[in-house]
Amino acid sequence: MKDDEIEDSSAPLIEHLAELRTRLIWSVVAFAVGMVLCFTVAEPLLNFISQPIADVLRARGEDPRLIFTAPQEKFFVLIRISMIGGLALSFPVIAYQMWRFIAPGLYRSEKNAFLPFIIASPALFLVGAAFAHFIVTPLAMNFFIGFSDAIPALASLVAGEGNFEQSADSAELQTVFLGSVRESLDLSLKFIIAFGLCFQLPVLLTLMGKAGLVSARGLKDVRKYAIVGILTLAALVTPPDVITQVILFVVVYGLYEISIQLVARVERKREAELRAQGLWVDDDDEDDEATEAETKA
C-alpha cells in the first residue's frame, strides 16, 4: 500500500549514528538552556512548591518558614529545582528530536497513531502533578505536621487528664516543626512525580492495546486484582490518612476504567479496518472451522 509506506530514506549505520549524535546534542543544549532559565527563577519556584506546607503552618498559627542546616543545602536545592524545571521546559524540544530520529522508520499509520500519545503523555503528567500539588500535598503535610500534636494529646487523654490541651508551662518535652528545605522539597517532589506517573496509566494501557498486549476483556477480567493493586499503591505513596488514600484510589481507578474504554475503542477501530480489508475472522467462524477440521479427521 503506497499510502502506508516507510519513508524512502534508508541510510548507512554511520549516518544513523551521526544523526543520533546531532539529536542528542540538540537535546542537551535545550536542557542546559532550560536549566539556566529556571535557575534565574528558582527562588519563586521553590516558594511555589513550598506553598502547601506554608499554608498548613499558617493555619496552625506557626511561622511559615523552612530552614537549611548546611551552608550549601539551599544552593543545591535550587540546582535540583532548576534541573527538574529545565527538563520540563526542554521536553518539547527533546521529544521533537526523538520523534525526528524514529519517524523515518515508521509507517504513516504508525506516525498518526503515536502522535496523540506524545501530546497526551506530558499533558496527563501535568494534570497529575497539579493534582498532587494542590490536593494531595496539603493533606499529607497537614497529617504529618499535625501528627506531632496528636501523640502527646492522646497520651494526655489516656493518662486521665480528660482533654487534649497541653499546658504552656508543662515540664514535658515539647516538639516543634522546623522544616528542612531539602527534606520538604523531596517529599513534595515525590508526590508530584508519583501522581504524574500514575496519570500515565491510560497512555500506557492504550499503547499496549494497540500493540495487542492487552485487551478490554482482559482488563475487565483482572479488575478485582487491579483494585487490590491500586489500594496497595495508595497505601504506599500516600500518608496513613484514609481521606488521601481514598482520593488516590478513586482517581487511579477512574483512570483504569477510562483505559478500558480507550482499549475497547482501539479494538473496534482495528476490527473495522480488518473487516474493510476482508481479513477479519469472527470467533464463531473460527470455532466452526475447528469443528469441521476435527470432523474430517
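Remember, it's a predicted structure, so these values are computed and weren't measured experimentally.

A. Spotlight on the overall build of the protein. Looking only at helices and strands, the protein has 11 helices and zero strands in total. Taken from the N to the C terminus, the helices and strands of the protein come in the order α-α-α-α-α-α-α-α-α-α-α. Taking as baseline every contact in the protein between residues at least 6 positions apart, the subset at least 24 positions apart corresponds to 80%.

B. Seen up close, the side chain of Ser180. Within the secondary structure, Ser180 is located in the loop between α5 (108-158) and α6 (181-198). Only 2.8 Å separates the side chain of Ser180 from the side chain of Glu73, close enough to count as a polar contact. In this structure Ser180 touches Ile67 and Glu73, once residues within four positions along its chain are discounted.

C. Molecular detail of the environment of His16. With respect to the helices and strands, the residue His16 is situated in helix α1 (residues 13-40). When its relative accessible area of 32% is taken as the criterion, His16 is described as partly exposed. Taking C-alpha positions, His16 is 8.5 Å from Phe101, a pair spaced 85 residues apart along the chain.

D. Representation of the pattern of salt bridges within the structure. Tallying each qualifying case throughout the model produces seven salt bridges. For Asp186, the salt bridge goes to Arg80, with nearest N and O atoms at 2.2 Å. Here Asp186 is found in helix α6, whereas its partner Arg80 is found in helix α4 (residues 73-102), with 106 residues between them in sequence. Judged by its relative accessible area of 30%, Arg80 falls in the partly exposed class. One salt bridge connects Arg223 with Glu257, and the closest N-O pair in it is separated by 2.8 Å. Within this pair, whereas Arg223 is found in helix α9 (residues 223-237), its partner Glu257 is found in helix α10 (residues 242-276), the two being separated by 34 residues in sequence.

E. Fine view of the environment of Leu207. Looking at where Leu207 falls in the secondary structure, it is placed in helix α7 (residues 201-210). The spacing of Leu207 and Phe117 is 90 residues in sequence and 8.2 Å in space, taken between C-alpha atoms. Beyond its immediate sequence surroundings of up to four residues, Leu207 is in contact with Phe114 and Phe117.

F. Quick peek at the UniProt feature "transmembrane region" (unreviewed entry) in the protein. UniProt marks residues 24-42, 75-94, 114-136, 191-213 and 225-256 with the feature "transmembrane region" (unreviewed entry), using the numbering shown here. Secondary structure over residues 75-94 splits into 100% helix and 0% strand, and the C-alpha atoms at its two ends are 27 Å apart. Secondary structure over residues 191-213 splits into 78% helix and 0% strand, and the C-alpha atoms at its two ends are 29 Å apart.

G. Spatial organisation of a nonpolar patch on the surface. Together, Leu13, Ile14, Leu17, Leu20 and Leu24 line one region of the surface with nonpolar side chains, adding up to about 500 Å² of accessible area. Among the structural elements, Leu13 can be located in helix α1.

H. Looking closely at the nonpolar core. Residues Leu46, Leu185, Phe195 and Tyr256 are the most contacted members of the largest nonpolar core, which totals 35 residues. Contributing elements (two or more residues each) for this core: α2 (42-49), α4, α5, α6, α7, α8 (216-221), α9 and α10. Considering every element that reaches this core, the biggest residue donor is α10, with nine residues. Contact partners of Leu185, with chain neighbours within four places excluded, come to Leu46, Ile49, Val77, Arg80 and Ile81. Listed in part, the five residues of the second largest apolar core include Ile53, Val56, Leu57 and Ile145.

I. Just the packing of α9 against α10, in detail. Running from N to C, α9 and α10 cross one another at 145°; their axes reach a closest spacing of 9 Å. By crossing handedness, the relation of α9 to α10 is classed as right-handed. Contacts between α9 and α10 involve Arg223, Ala226, Ile227, Ile230, Leu231, Leu233, Ala234, Ala235 and Val237 from the first element and Gln245, Leu248, Phe249, Val252, Tyr253, Tyr256, Glu257 and Ile260 from the second. The class makeup of the residues in the contact of α9 with α10 is 14 nonpolar, one polar and two charged.

J. A look at α7. Buried residues of α7: Leu201, Pro202, Val203, Leu205, Thr206 and Gly209, and no others. Count one or two residues on from α7 and you reach Gly212, which has phi positive near 80°.

K. Quick look at the packing of aromatic side chains. A complete count under the given rule lists six aromatic pairs for this structure. Ring geometry for Phe48 versus Phe134: centroids 6.2 Å apart, planes at 70°, classification edge-to-face. Taken together, the residues span a long stretch of sequence, with Phe48 in helix α2 and Phe134 in helix α5 at a distance of 86 residues. On the basis of relative accessible area, Phe48 is assigned to the partly exposed category, the value being 44%. The exposure class assigned to Phe134 is exposed, which follows from its relative accessible area of 56%. Here Phe131 and Phe195 contribute two aromatic rings whose centre-to-centre distance is 5.6 Å and whose plane-to-plane angle is 45°, an arrangement assigned as tilted. In this pair, Phe131 sits in helix α5 while Phe195 sits in helix α6, placing the two residues 64 residues apart along the sequence. The exposure class of Phe131 is buried, given its relative accessible area of 14%. Ring-pair connections join several aromatic residues into one group, and the members of that group are Phe39, Phe75 and Phe76.

Cut-off values and rules
Residues numbered from 1 in each chain as written. Predicted model: local features only at pLDDT ≥ 70, side-chain atom pairs only at ≥ 80, totals over all residues. Heavy atoms only, no water. Helix = DSSP H or I, 4+ residues; strand = E, 2+ residues; numbered from the N terminus. Contact = heavy atoms within 4.5 Å. Polar contact = N/O pair within 3.5 Å; in protein donor to acceptor, adjacent residues only side chain to side chain. Buried < 20%, exposed > 50% of the residue type's maximum accessible area, 1.4 Å probe, protein only. Salt bridge = Lys/Arg side-chain N within 4 Å of Asp/Glu carboxyl O. UniProt positions renumbered as here; feature names shortened; annotations may be inferred. Patch = residues over 30% accessible without salt bridge, like charges linked within 9 Å, V, L, I, M, F, W, Y side chains within 5 Å. Areas by Shrake-Rupley, 256 points an atom, 1.4 Å probe, with all protein chains shown as cover. Core = buried A, V, L, I, M, F, W, Y, C linked by side-chain atoms within 4.5 Å. Axes fitted to C-alpha atoms, helices over the stretch in contact; angles between N-to-C directions. Left-handed = near helix turned anticlockwise from the far one by under 90°. Nonpolar A, V, L, I, M, F, W, Y, C, P; charged D, E, K, R; others polar. Phe/Tyr/Trp six-rings, centres within 6.5 Å; stacked < 30°, edge-to-face > 60°.

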